[in-house]
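Single-letter residue listing:
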Amino acid sequence: MDQLEQPDDLIVCKLDDDRVPPSPCTVVIVGATGELTARKLIPALYQLHRANALPQPTRIIGFARKDHTLDSWRNELFDALLQHSRTKPVDRTAWDSFASSLYYCRGELSDPNAYAKLEQTISTTSDQQLAENRLFYLAIPPSQFGPVVEMLHQTGVFRRDPSPPFWNRIVIEKPFGHDLASARQLNAILTRHTHENQLFRIDHYLGKETVQNILMFRFANSIFEPIWSRQTVDYVQITLSEQAGVGNRGGYYEEAGALRDVVQNHLLQVLALVAMEPPVSLEAESVRDEKVKLLKSIRTPGPRDIVRGQYTEGAIDGRPCPAYRTEPKVNPNSNVETYVALRLQIDNWRWAGVPFYLRTGKRLPINVSEVRVQFRQTPNVLFAARCGENLDTNAIILRLQPQEGISLRFNGKVPGTSMQVRPVRMHFSYDAEFGAYTPEAYERLLLDAIDGDATLFLRRDEVEVCWAIVDRIRTLWGDSPLQQNEFYAAGTWGPPCANELLKRHNHSWRDPRPVCSDTPANP
Ligand code: BG6
């Protein structure tokens, strides 16, 4: 048998073989008693510790104003880990050794003395790398990003120019501002106290395995790139749908809405990766240059290219769901959108004329993130001439989550004596191919930040160009209240006007389905 045909003799290329192991460092979590720390950061750091992926040694210092002893903080984190760890049961021995690297420093974030205490905590070690290599993770409300970075810098805890080879970095969570002007303002404050290459702006979508795989799918294969253009693609649909409502985040959501919460970041990032040109190298700047170039080519959408919606009462999987306007901390007359659909055009050589339909919403029928590339119909002869609209077009579906995988849909003959044609599917499932191991996005992102690899983080111009797009859409909405056809019942696929948006262009939404029931009989 030919060597390549042996399934257990796959040629595996390890790209990071020459990666120098990251040097020992101190991770300071600013705002260490909040939800993000308990739900995401500590579980991710614990997993990295278990996998021996963290630098040896690594110290984690929680910095917050809550009155905790080291033991009470550790206990609180352990309880949260029991709930949120992606692997269960929690390995007590691994936790104990991980917990021994956790420290707590109490202080008001606006008090310079607190930073002096933090400095003392960081530098109380004989290991110079632990004392000098510093990663600050800002798990705090966005209004505090600027003031805290200023304090960190002015008190000397964060060093803008640490002496080489030591490094200092800051990781920031979204949202970076709430519009272009505030994002610019925030970026201006941040870069007054840091160098751009010390700033790691997180969009956790970029840490997802399947989102990282978009670049490999496109550029590590020769068969897809030639069909990835207006010559063959009819349209692209990107869906990020969630069953959950706004839950206890009503206060935040009233300020954000779906456009700022998801479109400005996750959806536009996925679009950029799906549509960008091949970068000149895999270096962070090359990849980010291409994403920015693509984002800049998005044509200003007109009023007929955008749809918003808000969920009303309904049911999902038989469970009743309240209307958005009755959720806690939501204005009973709120006009905030919980759903957005867009028809975007990309004015470049590759994509001119191919619509990219993006949509996201809360209280939609299923939890799913998916990219669907729908190809053009065959010439109107042979089967197309006979079947007309009953001959489905081909599609490549990148299922980002859950049931991660990639499907190719093409037509085939139904076995039997009659002539019937229908779509069939070739499917690659992550679970089947690699087992059920899917690291959390934060694991990868934290490790990359410690390692200084900014590829999966957002650059200043990238954030700003995304805000420019979102601002244009908000301007089109203005202050106008939601109309009747902009409401949708919880558990449905959005407001009726979202269907009109596509119908005008002879397209329709291809709603994602749970993979197992995504049978060709129901394409
Ligand atoms: C967050 C949004 O950034 O992304 C949330 O603020 C949204 O509203 C979440 O639910 C979706 O991320 P994931 O990883 O759960 O798909």
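Along every chain, residues carry numbers that run from 1 in the direction the sequence is written. Local features in this predicted model are restricted to residues of pLDDT 70 or higher, and side-chain atom pairs are both shown and tallied only at a pLDDT of 80 or more, whereas totals for entire chains, interfaces and linings draw on every residue. Computation of side-chain values: all heavy atoms of the structure, hydrogens and water removed.

**Section: the site of the ligand**
Taken together, the neighbourhood of the ligand is formed by Lys174, His204, Tyr205, Lys208, Glu242, Arg249, Asp261, His266, Lys362 and Gln401. The side chain of Gln401 places a nitrogen or oxygen atom 2.7 Å from an oxygen atom of the ligand. Here the accessible surface of atoms and residues is derived via Shrake-Rupley with a 1.4 Å probe, and residues count as covered only by protein chains that are part of the display. Protein coverage of the free-state accessible area of the ligand, which is 390 Å², stands at 77%. Amino acid classes used here: Ala, Val, Leu, Ile, Met, Phe, Trp, Tyr, Cys and Pro are nonpolar; Asp, Glu, Lys and Arg are charged; the rest, including Gly, are polar. Classifying every residue of the shell around the ligand gives one nonpolar, three polar and six charged. Each residue is tested against the molecule or strand, and it is near if at least one of its non-hydrogen atoms lies within 4 Å. Throughout this description, a polar contact denotes any pair of N or O atoms lying within 3.5 Å of each other; where both atoms belong to protein, one of them has to be capable of donating a hydrogen while the other can accept it, and for residues adjacent in sequence the pair is counted only when both atoms sit in side chains.

**A look at the pairing of strand E2 (residues 58–64)**
Consecutive side chains of a regular strand alternate in pointing toward one face of the sheet and then the other. Relative accessibility thresholds used throughout: buried, under 20% of the residue-type maximum; exposed, over 50%; partly exposed, between the two (1.4 Å probe, protein chains only). Working definition: helices are DSSP H or I runs of at least four residues, strands are E runs of at least two. Numbering for both runs from the N terminus. Counting buried positions over the seven residues of E2 gives seven, a clear majority of the element. The alternating pattern of E2 places Thr58, Ile60, Gly62 and Ala64 and Arg59, Ile61 and Phe63 on opposite faces, both of which are buried. Strands qualify as paired when DSSP identifies two bridges or more between them. Relative to E2, strand E1 (residues 25–30) runs parallel, the two sharing six bridges. Bridge pairing links Ile29 to Gly62 in E2. Sheet analysis places E2 next to strand E3 (residues 102–106), joined by five bridges and oriented parallel. Paired with Ala64 across the two strands is Arg106, which belongs to E3.

**Thoughts on the sheet that holds strand E18 (residues 487–489)**
Taken together, nine strands build an open sheet; the order of strands is E16-E15-E14-E13-E7-E12-E11-E8-E18 and the sheet is mixed. Sheet topology places strand E16 (421–429) and E18 at the edges, where each strand pairs with a single neighbour. Each strand of the sheet is rotated relative to its neighbour by a mean of 20 degrees, with strand direction disregarded. As paired elements, strand E7 (residues 233–241) and strand E12 (residues 355–361) share six bridges and run parallel to each other. Residue pairing in the sheet places Thr239 in a bridge with Arg359 of E12. Note on definitions: a residue-residue contact is assigned when non-hydrogen atoms from the two residues lie within 4.5 Å. Structural elements are reduced to axes, namely lines fitted to C-alpha atoms, with helices fitted over the stretch in contact, and the angle between N-to-C directions of any two is expressed from 0 to 180 degrees. Packing of helix H9 (residues 250–275) onto the sheet brings it into contact with E7, strand E11 (339–345), E12, strand E13 (368–375) and strand E14 (395–401), and relative to E12 it is tilted by some 145 degrees.

**A word on the side chain of Gln47**
Structurally, the position occupied by Gln47 is in helix H1 (residues 35–50). Residue classification places Gln47 among the buried positions, given a relative accessible area of 6%. Side chain to side chain, Gln47 and Ser85 meet in a polar contact 3.4 Å long. Beyond its immediate sequence surroundings of up to four residues, Gln47 is in contact with Ser85, Arg86, Thr87 and Glu443.

**Re the packing of aromatic side chains**
Aromatic rings from Phe, Tyr and Trp, taking only the six-membered ring of Trp, are treated as a pair when their centres fall within 6.5 Å; an angle between ring planes under 30 degrees marks them as stacked, one over 60 as edge-to-face, and anything in between as tilted. Tallying each qualifying case throughout the model produces 19 aromatic pairs. Between Trp351 and Phe356, the ring centres sit 5.1 Å apart and the planes meet at 90 degrees, which makes this aromatic pair edge-to-face. There is no split in this pair, since Trp351 and Phe356 are both buried. Look at Tyr430 and Phe434: their rings are 6.1 Å apart centre to centre, the planes differ by 55 degrees, and that puts the pair in the tilted class. With Tyr430 and Phe434 both in helix H12 (residues 430–434) and four residues apart, the pair spans about one turn of that helix. Take Tyr430: its relative accessible area is 11%, and that puts it in the buried class. Using a relative accessible area of 57% as the deciding quantity, one classes Phe434 as exposed. Each residue in the set Tyr253, Tyr311, Tyr324, Tyr339 and Tyr488 is aromatic and connected to the rest through ring pairs, giving one cluster. Throughout this description, the term charge over a ring refers to an Arg CZ or Lys NZ atom that lies within 6 Å of the ring centre and within 35 degrees of the ring normal. Lying over the aromatic face of Trp167, Arg169 brings its terminal NZ or CZ to 3.9 Å of the ring centre. When the ring centre of Tyr311 is taken as origin, the NZ or CZ atom of Arg363, which lies over that ring, is 5.9 Å away.

**Thoughts on the pattern of salt bridges**
Salt bridge, as used here, is a side-chain nitrogen of Lys or Arg placed within 4 Å of a carboxyl oxygen of Asp or Glu. As enumerated under the stated definition, the model contains 35 salt bridges in all. Asp448 is paired through a salt bridge with Arg19; the nearest N and O atoms lie 3.2 Å apart. With Asp448 in helix H13 (residues 441–451) and Arg19 in the segment before E1, this residue pair connects regions lying 429 residues apart in the sequence. Among the residues examined, Arg19 registers a relative accessible area of 32% and is labelled partly exposed. A salt bridge links Arg39 to Glu35, with the shortest nitrogen-to-oxygen separation between them at 4.0 Å. You can see Arg39 and its partner Glu35 sitting in helix H1, four residues apart, about one turn around the helix. For Arg39, a relative accessible area of 41% corresponds to the partly exposed category.

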